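# Fold and geometry: a report
Listed here are the chains, written in short residue letters.
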Number of protein chains: 2
Amino acid sequence: MDYQQLFSHATQTMKSSLIRELVAQTKSIPDLISFAGGFPAPATFPKHILSDLYYSVVNEEGYEVLQYGASEGDSQLKDELIAWEGYSKLNHANYLVTVGATNGIYYYAKALLDKGDVVLCEAPTFLGTIVALDALGAEVRGIAMDEEGISLVEMEKTIGEIHKAGKKVKFLYTIPDFQNPSGISMSLERRKGLLELCLRHGIQILEDNPYSRLRFTGKALPTLYNLAYGDMENHSLVTEIVSFSKILGPGMRFAFVKGDPAIIDKMGSWQQKVNVTPDCVTERVVARFLEKGFMDPHIKTICEYYKPYMQKMLTELDKTMPSGISWTKPEGGIFLWMWLPELISADELFYPAKDAKVTFIPGSKFYPEQEQKFNCLRLNFSYSTLTQIETGICRLAELLKSF
Amino acid sequence: MDYQQLFSHATQTMKSSLIRELVAQTKSIPDLISFAGGFPAPATFPKHILSDLYYSVVNEEGYEVLQYGASEGDSQLKDELIAWEGYSKLNHANYLVTVGATNGIYYYAKALLDKGDVVLCEAPTFLGTIVALDALGAEVRGIAMDEEGISLVEMEKTIGEIHKAGKKVKFLYTIPDFQNPSGISMSLERRKGLLELCLRHGIQILEDNPYSRLRFTGKALPTLYNLAYGDMENHSLVTEIVSFSKILGPGMRFAFVKGDPAIIDKMGSWQQKVNVTPDCVTERVVARFLEKGFMDPHIKTICEYYKPYMQKMLTELDKTMPSGISWTKPEGGIFLWMWLPELISADELFYPAKDAKVTFIPGSKFYPEQEQKFNCLRLNFSYSTLTQIETGICRLAELLKSF
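Computed from a predicted structure; not experimentally measured.

The next point concerns the overall build of chain A. From N to C terminus, chain A includes 14 helices and 14 strands. Relative to the compact-globule value of 22 Å for 403 residues, chain A shows a C-alpha radius of gyration of 21 Å, a close match. Principal-axis analysis of the C-alpha atoms gives chain A an extent of 60 × 60 × 55 Å. Per-residue burial for chain A yields a buried fraction of 53% across its 403 residues. Taking all contacts inside chain A whose residues are at least 6 apart in sequence as the whole, residues at least 24 apart take part in 75%.

Moving on, we come to the pairing of strand β2 (residues 95-98) of chain A. Residues and elements named next belong to chain A. A two-sided burial pattern is seen for β2, the buried positions comprising Y95 and V97 on one face and L96 and T98 on the other. Note that β2 and strand β9 (residues 255-258) share 4 bridges and pair antiparallel. Looking at the pairing, Y95 lines up with K258 of β9.

The next point concerns the sheet that holds strand β6 (residues 169-174) of chain B. Residue and element names in this part refer to chain B. Pairing in this open sheet of 8 strands is mixed, and the strands run β2-β9-β8-β7-β6-β3-β4-β5 from one edge to the other. Two strands lie at the open edges of the sheet, namely β2 (95-98) and β5 (149-150), each paired on one side alone. Relative to strand β7 (residues 204-209), β6 runs parallel, the two sharing 4 bridges. When the bridges of β7 are listed, F171 appears paired with Q204. Contacts from helix α5 (residues 101-112) reach β2, β6, β7, β8 (238-243) and β9 (255-258), with the element oriented near 155 degrees to β8.

With 64 residues of chain B in contact, the opposing surface of chain A contributes 64 residues. Every element with two or more residues in the side of chain B that touches chain A is listed here: α1 (9-13), α3 (47-65), α5, α6 (127-135), α10 (261-274) and α11 (280-291) of chain B. Considering each element in turn, the side of chain B that touches chain A owes the most residues, 11 residues, to α3 of chain B. Looking at the side of chain B that touches chain A, its residues break down into 33 nonpolar, 23 polar and 8 charged.

As a further point, take the relation of the copies chain B and chain A. To go from the first copy of the chain to the second, apply a rotation about an axis and then a shift along the same axis. Laying chain B over chain A is done by rotating through 180 degrees and shifting 0.0 Å along the axis; what remains is an RMSD of 0.0 Å. Expressed as a symmetry operation, the mapping of one chain copy onto the other fits a two-fold axis. Within chain B, the C-alpha atom positioned nearest to the axis of rotation is that of Y55 of chain B, 2.6 Å from it. In this assembly the copies share their binding face: 100% of the residues contributing to the interface of chain B also contribute to that of chain A.

This part takes up the environment of E154 of chain A. Residue and element names in this part refer to chain A. Tracing the chain through its elements places E154 in helix α7 (residues 152-164). Once the C-alpha coordinates of E154 and A144 are considered, the two residues, 10 residues apart in sequence, prove to be 6.7 Å apart. What E154 contacts, discounting residues up to four positions off in sequence, is I143 and A144.

Frequently, the measure chosen for interface size is the accessible area that the parts lose on association. All names here are of chain A. Each assigned domain of chain A is listed with its residue range as follows: domain 1 (9-45 + 297-402) and domain 2 (48-293). One C-alpha centre belongs to domain 1, the other to domain 2, and the line joining them spans 25 Å. Taken residue by residue, the interface counts 30 residues in domain 1 and 31 residues in domain 2. Elements supplying a minimum of two residues to the side of domain 1 that touches domain 2: α12 (295-320) and β11 (335-339). Here the side of domain 1 that touches domain 2 gets 6 residues from one element, more than from any other, and that element is α12. Split by residue class, the side of domain 1 that touches domain 2 holds 18 nonpolar, 6 polar and 6 charged.

Moving on to the nonpolar core. Y54 and A109 of chain A together with Y54 and A109 of chain B are the most contacted members of the largest nonpolar core, which totals 243 residues. Discounting chain neighbours no more than four positions away, the residues touching A109 of chain A are A132, L133, L136 and A138 of chain A.

Residues and elements named next belong to chain B. Orientation of α3 relative to α11, taken along the N-to-C sense of each, is 120 degrees, at an axis distance of 9 Å. Looking at the two axes, α3 sits oblique to α11. Between α3 and α11 lies a crossing of right-handed hand. Here α3 contributes I49, L50, L53, Y54, V57, V58, E61 and V65 to the contact with α11, which in turn contributes C280, V281, R284, V285, R288 and F289.

Residues and elements named next belong to chain A. Taken in spatial order, the 8 strands make up an open sheet running β2-β9-β8-β7-β6-β3-β4-β5, and their pairing is mixed. Two strands lie at the open edges of the sheet, namely β2 and β5 (149-150), each paired on one side alone. One ladder, built from 5 bridges, connects strand β7 (residues 204-209) with strand β8 (residues 238-243); its direction is parallel. Within the sheet, the bridge partner assigned to I205 lies in β8 and is V238.

All names here are of chain A. Between its terminal C-alpha atoms α12 stretches 38 Å, which fits the 38 Å expected from 26 residues at 1.5 Å a residue. The principal kink in α12, of about 25 degrees, is found at Y306, preceding the proline P308 by one to four residues. Listing the buried residues of α12 in full gives I302, Y306, Y309, M310, M313 and L317.

One can find K157 of chain A in helix α7. Once the C-alpha coordinates of K157 of chain A and I143 of chain A are considered, the two residues, 14 residues apart in sequence, prove to be 9.5 Å apart.

Analysis parameters
In this numbering scheme, every chain counts its residues from 1 along its sequence in written order. Starting at A for chains and at 1 for ligands, labels are handed out in the order in which the entities are written. In keeping with the model being predicted, local features are shown solely for residues with a pLDDT of at least 70 and side-chain atom pairs are shown and tallied solely at 80 or more, while totals for entire chains, interfaces and linings include all residues. We count a stretch as a helix when DSSP gives it H or I for four or more residues in a row; a strand needs E for two or more, and each element gets its number in order from the N terminus. This radius of gyration counts C-alpha atoms alone. The globule rule is 2.2 Å times how many residues there are, raised to the power 0.38. Here a residue counts as buried when 20 or more other C-beta atoms fall within 10 Å of its C-beta, as exposed when 12 or fewer do, and as partly exposed in between; the C-beta atoms come from the backbone. Working definition of a contact: two residues with C-beta atoms, positioned from the backbone, lying within 7 Å. Here a strand pair is declared whenever DSSP counts at least two bridges between the two strands. The axes are straight lines fitted to the C-alpha atoms, using for helices just the contacting stretch, and the angles between their N-to-C directions are given from 0 to 180°. The nonpolar class holds Ala, Val, Leu, Ile, Met, Phe, Trp, Tyr, Cys and Pro. Asp, Glu, Lys and Arg form the charged class, and all remaining residues, Gly among them, are polar. Superposing copies: least-squares fit, C-alpha atoms only, residues required to have pLDDT of at least 70 in both. The domain limits used here are those given by an automatic or database domain assignment. The nonpolar core criterion groups buried Ala, Val, Leu, Ile, Met, Phe, Trp, Tyr and Cys residues into a set whenever they are joined through C-beta atoms within 7 Å. Here roughly perpendicular refers to angles of 65 to 115 degrees, roughly parallel to angles under 35, roughly antiparallel to angles over 145, and oblique to all remaining angles. Handedness of a helix crossing follows the sense of rotation of the near helix relative to the far helix, less than a right angle counterclockwise being left-handed and clockwise being right-handed. Here a helix's expected span is defined as the number of its residues, less one, multiplied by 1.5 Å. Take the seven residues that end at a residue and the seven that start at it, fit an axis to each, and the angle between those axes is the bend at that residue.

Next up, the structure:
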């Protein structure tokens, strides 16, 4: 049977994750030091607390949590999320629980996008989102960033071009805190400016928030949702997706979405068709984790855990990198971004680096098609030992000196 | 903000589950006896075994199962599934693990369907599938059933009409065992005839299998996948989705799909975009449940548990129903189907039945649009006590005598 001709158009043309292929290429190399993935450190998983909670939830509440649950999410969990986040004006209709953040992004896109609609995002941005939006037939346009985050000047310019072409911008996808892949956090002024700009143009904002609670130094900034909720008293402009993948562990497929009840309702309708519900056991375990007060001390612990790894990478970069190379200086998250001299392509650097037993993800992979930049790369600092960071950065610096 | 105009076309036009609305209407009625839902009996959930497994999996394998897993599913789980099912010629590339059976149906549809493509199904069939296919822009055409399952004569006729209209049938969706909603199991001869017909017309088969292992009496029949694999030596015609929702509990979102590696691969690509992976903790718990040999004795136990409930409903129907009313006599599963005299609409019967404190799902809800039949209804026997079955069927019979 020739399946190729049977597949839908979207399936025939969809792209696979190039990152996956790159990581697969390096999987079996012994002593390889990898700054490529985006894995959290297993040592940060609260497995002893979680194993106890899984036991008691299934043992004591099994008749309920092993049964079909609500498509919009467990109501006990929503109570805990509202209490934990402190949004006292919100209620269950503002919250949706999903099978991870990517799943929330997918429902949001399904709720809003017709084929050919334009979505704006930071360039570079999270590859998973680009690939998913692309598979849904959206036109993804990247907006350049500076050290304060997405450039509003560039964004105005791009919106103008899109309107001139007779097209509509449906929403902006943004990761304001410790952005993947750049590590950049949007400044407070930029956040306010962005909200004003989006409100003026009627552009909805999808705020992806996997990292804001992973702040190791510096002062926390309000999320876009928080600003819209508070200062603007406009709940409906921003939909925020919060992931616990870097907090509890990504194997528990869990995230939650907050937004206007109209859009949350439609996203819930898609959940009914796509997954019926998230895993109800996992939902209740997260609820009990919050209820018993484990969350805030646990977040404090993992921030203390990660801080030396980030600082080690920044110190080693300072010590070893030749001139002409720069990098972002994040205060949290799990990534930083490096700019190479204009003529060096990280796509080409990847292969000799692999031979030198150090890997990263070439920056071009994080741009929408036709917008790639090649003299850049992403480094992850959450999944290596301190010694590996020292040795790996040294290997990379030696290679760059000779390149 | 007026969201309505922001939503995608598919979102603006999608239907919600009418069953949900009907069930919601009766939720707060005291002493109501409900044969409406499709919930398994909580007493069948192996919660003590599962709570122990959750504990040990997270405690002992937490660093692995709380980490990101493979989009195509846990390889240890696949080993166990292959061993349990006994398909020795199959390997990991034939299996995909999904977030429940509905999720598997969604990926299959995304892999194959372009807008306007035709899908055939039994009429009546599982409402969740109709609604999901409809939201993806497919044209769903129902094929009448008799006591041996889907009518091949009707199917040939419908295929002819579709071809005449210049359209393409992409696949048939079927539930051969203890079908939802009818309770009908396809005869062996019909299964063989169906495979021959589909092969001849180049129509792929999506076999939904949530109930085949819930056989309480009579002799088990091979699944369509099994026949294609064995007799026909044609692995690729049938893709089978197996759910454990009625075996372990639907709150654990888990199902697996078996089929040709080409289609499994594309379904896995959609999983990457929609959910990244299923819940990895749940996957490993299911793997250990199989590995430790709990599955077969557990299935035996739940079949013994359910058998008296099915028999009680059949006995009470025999005892109480007036003439002119008939029903299917399943040998397993959780549903049976009732035909009323031509002039009685179950949609109208629903309201006086609610007043008489007994509910069911009107049969019309299980048909593709424009194909509804109204003189029929679905009864569930897995979620009531024996006394409730006796009283509820009696209430329904009294009502029908007076209708």
